[in-house]
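Topology and contacts: notes
Each chain is listed here by its residues.
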Amino acid sequence: MSARIGFMHTTALYIGSLLGPGVLTLPALAAAIAGPGSLLAWATLVAASVPLAATFTALAVRYPHSGGVSAVAGRAYGPRAFAVIGFWFTAATPMAVYVAAHIGGQYVAAALGGGAPAATVVTAAILGTVFTANAFALKTSGRVQLVVIGSLIALLGTTTLTTARHINPGNLTPLLPDGPVPVAHACVILFIAFAGWEAAAHLTDGVANPARTLPKVAAATVVIVGTIYLGVAATTVGVLGPDAGTGGVPLIALLEHGVGRAAAPIAALVALMLTCGAANTFLAGATRLGVALAERGALPAGIAAGRAHRRSLTLQAVLTGTVIAGSAALHLEVASLLRTVSVLLAAVTLAGTSAGILLLPRGWRWAAALTATIVTGAVLGAAGPLLVVPAVLAVLAVTRLRLIPASAADLPPPASAEPEPGPALPASAWQRRPPHRSRRRKPRGRQHHPPQGLQHAREPTHGKARQPSSRSRR
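Residues numbered from 1 in each chain as written. Predicted model: local features only at pLDDT ≥ 70, side-chain atom pairs only at ≥ 80, totals over all residues. Heavy atoms only, no water.

Turning our attention to the overall build of the protein. When helices and strands are tallied, the protein shows 17 helices and 0 strands. By the burial criterion, 46% of the 474 residues in the protein qualify as buried. Residue pairs in contact within the protein that sit at least 24 positions apart in sequence constitute 83% of those at least 6 positions apart. Just so you have it, the protein exposes about 24,300 Å², and 63% of that area is on carbon and sulfur atoms. (Helix = DSSP H or I, 4+ residues; strand = E, 2+ residues; numbered from the N terminus. Buried < 20%, exposed > 50% of the residue type's maximum accessible area, 1.4 Å probe, protein only. Contact = heavy atoms within 4.5 Å. Areas by Shrake-Rupley, 256 points an atom, 1.4 Å probe, with all protein chains shown as cover.)

Following this line, the structure appears as structure tokens:
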């Protein structure tokens, strides 16, 4: 890659992978589950971000061309792990895209004064925009990404600062009205807000000096995202109290205490930026992953033939339409879809952190991978019956590979994939060879030999007799 991205751009990408539309609705949903105890769930997951960030950053630096968490897990557990994790992410994407568009549609409709029909129209418009952008491979520049992320941080920070003075201490007690179990259930739905650290494995190839840059980026991201999440969650619970989980647009209700009538348009702007960015990121990643799965035999080979990008995107469009139809038929709420997506992404994260235990050398990075695995496993354990979803998808992935003769999962990666990293070379291997040890390339072709009598002729010394060397005197 000729152009390398630095600290600021990489930090913006990391924040963008974590800061999604969940911040618009997750604080209210968690408050409806655990009340003031939801703040403990937020604090627990923010603290868990430290070992998560350390694990995936270490894996990214150690395996810079690994192709993401799927290939890292494949290196640790074998080639079939790539297909299992790919199925998990492929199934999570249509639900995440639809939920993001739905949240954005609700906020924009509320700002325009419309009801459910207006929200449906805006949701369809967001989906159409995101799929069109991916179909034509439209990308935003680094400066645009920096501006968008900076604007989001400023708007969410303004929300916290302008509403903090309206916090009612009575809304924060009792801290655990129904005991610790609801806090664990809140962690399950909140995990989706922290499931973006595996993006480090995809960014390393474009980062300048990743061994030094990525740890700084991860630390800055933990501080910025953690502060935003805790600030919005605390003000949501402290200001709205028991009413936090009753409305469909809690950020508007929160901002009305701080900026008054300007709350609705500000919240709608934030919602549009968050939902479009998150939906586009999910869809772009799933489209590339679909092509890789087809090339390795986990999906039908026809997806990887011809216009592979368009075919994989068409698969995502069909799956998204299926999710929308199923949600309407079963009357599924946004919270139910968010829990399912969160469980699938937690399963992906657990595969990556447990792979870190096997791949990373003993030390503080290995301890971070162990800690992250324990925390993520505890969150998955609290999911209960929803664990059936990743289990069924894993069985389908393995069954699909077994039905293929001479399973493509056991074959080398396709030519379009990035090469696996070779053994690390010591720094001395890249130093220039000393002059006295440099190899001289022999001239090719026919060499010119002077006549016999001129072979020992010397150049004129301009009147000065050349003194014989000590070696010739000897």
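Per the stated rule, a full pass over the model turns up 5 aromatic pairs. Consider the rings of Phe89 and Phe282, whose centres lie 5.8 Å apart with planes at 15°: the pair is stacked. Of this pair, Phe89 sits in helix H5 (residues 80-112) while Phe282 sits in helix H12 (residues 263-295), placing them 193 residues apart in sequence. Note on accessibility: Phe89 and Phe282 belong to one class, buried. Taken together, the aromatic side chains of Trp42, Phe194 and Tyr229 make up a single cluster linked through ring pairs. Positioned over the ring face of Phe82 is Arg296, at 4.3 Å from the centre of the ring. Between the NZ or CZ atom of Arg362 and the centre of the ring of Trp366, over which it lies, the distance is 4.1 Å. (Phe/Tyr/Trp six-rings, centres within 6.5 Å; stacked < 30°, edge-to-face > 60°. Lys NZ or Arg CZ within 6 Å of the ring centre and 35° of its normal.)

With that settled, the discussion passes to the nonpolar core. Membership of the largest hydrophobic core comes to 127 residues, with the highest contact counts inside it found for Leu24, Trp42, Trp88 and Trp197. Ranked by residue count, the leading element in this core is H5, at 19 residues. Ignoring any residue separated from it by four or fewer positions in sequence, one finds Leu24 in contact with Ile103, Tyr107, Pro250, Leu251, Val270, Ala271 and Leu274. (Core = buried A, V, L, I, M, F, W, Y, C linked by side-chain atoms within 4.5 Å.)

Right, let's talk about helix H16 (residues 388-402) for a bit. Taking 1.5 Å as the rise per residue, H16 with 15 residues should run 21 Å; its terminal C-alpha atoms sit 21 Å apart, in good agreement. For H16, every residue scored as buried is listed here: Pro390, Leu393, Ala394, Ala397 and Leu401. Across the axial projection of H16, the buried residues extend over an arc of 105°, all falling on one side. In H16, the exposed positions that point more than 90 degrees away from the buried face belong to Val395 and Arg402. Next to the buried residues of H16 lie H5 and helix H14 (334-359). (Expected span 1.5 Å × (residues − 1). Arc of directions from axis to C-beta.)

Orientation of helix H6 (residues 116-135) relative to H12, taken along the N-to-C sense of each, is 45°, at an axis distance of 10 Å. Viewed along their axes, H6 and H12 adopt a mutual orientation that is oblique. Judged by the sense of rotation from one axis to the other, the crossing of H6 with H12 is right-handed. Of H12, the residues touching H6 (which contributes Ile126, Val130, Phe131, Ala133 and Asn134) are Leu272, Thr275, Cys276, Ala279, Asn280, Leu283 and Ala284. Taken together, the residues of the contact of H6 with H12 break down into 9 nonpolar, 3 polar and no charged. (Axes fitted to C-alpha atoms, helices over the stretch in contact; angles between N-to-C directions. Parallel < 35°, antiparallel > 145°, perpendicular 65-115°, else oblique. Left-handed = near helix turned anticlockwise from the far one by under 90°. Nonpolar A, V, L, I, M, F, W, Y, C, P; charged D, E, K, R; others polar.)

A separate point is a nonpolar patch on the surface. A surface patch of nonpolar side chains, amounting to about 270 Å² of accessible area, comprises Phe7, Met8 and Leu146. Among the secondary structure elements, Phe7 is positioned in helix H1 (residues 7-18). (Patch = residues over 30% accessible without salt bridge, like charges linked within 9 Å, V, L, I, M, F, W, Y side chains within 5 Å. Salt bridge = Lys/Arg side-chain N within 4 Å of Asp/Glu carboxyl O.)

Bringing the packing of H1 against helix H10 (residues 210-240) into the picture now. Any two packed helices are characterised by how steeply their axes cross, that is the angle between the axes, and by the distance between the axes. Where H1 contacts H10, the two axes come as close as 9 Å, and the packing angle between them is 45°. Viewed along their axes, H1 and H10 adopt a mutual orientation that is oblique. Considering how the two elements wind past one another, H1 and H10 form a crossing that is right-handed. For the pair formed by H1 and H10, the contact residues are Phe7, Thr10, Thr11, Tyr14, Ile15 and Leu18 on the first element and Thr213, Leu214, Lys216, Val217, Ala220, Thr221, Ile224, Val225 and Tyr229 on the second. Split into classes, the residues belonging to the contact of H1 with H10 amount to 10 nonpolar, 4 polar and 1 charged.

This brings us to the environment of Thr173. The residue Thr173 is located in the loop between helix H7 (142-163) and helix H8 (181-190) in this model. In terms of polar contacts, Thr173 uses its side chain to reach the backbone carbonyl oxygen of Gly170, at 3.4 Å. (Polar contact = N/O pair within 3.5 Å; in protein donor to acceptor, adjacent residues only side chain to side chain.)

Turning our eyes to something else, we now look at the side chain of Thr340. Inspection of the secondary structure puts Thr340 in helix H14. Residues contacting Thr340, with those up to four places away along its chain left out, are Met95, Leu386 and Val389.

What follows deals with unusual backbone geometry. The amide bond that connects Thr173 to the next residue, Pro174, takes the cis arrangement and shows omega of -10°. As for its placement among the helices and strands, Pro174 is situated in the loop between H7 and H8. Unlike most non-glycine residues, His331 shows phi in positive territory, near 55°.

Quick look at the confidence of the model for the protein now. Per-residue pLDDT for the protein has a mean of 82; in total, 81% of the residues score no lower than 70. Of all the helices and strands in the protein, helix H17 (residues 470-473) carries the lowest mean pLDDT, 46, while helix H15 (residues 364-381) carries the highest, 96. Below pLDDT 50 for its whole length, residues 406-442 participates in 24 contacts with residues either more than four positions away or in separate chains. Within the model, pLDDT remains below 50 along residues 469-474, and this stretch shows 1 contact once partners closer than five positions in the same chain are excluded. (pLDDT = per-residue confidence, 0-100.)

Our next topic: the side chain of Ser342. Residue placement: Ser342 occurs in helix H14. Exposure remark for Ser342: the relative accessible area of 1% places this residue in the buried category. Dropping the residues within four chain positions of it, Ser342 is found in contact with Val188, Ile189, Phe191 and Ile192.

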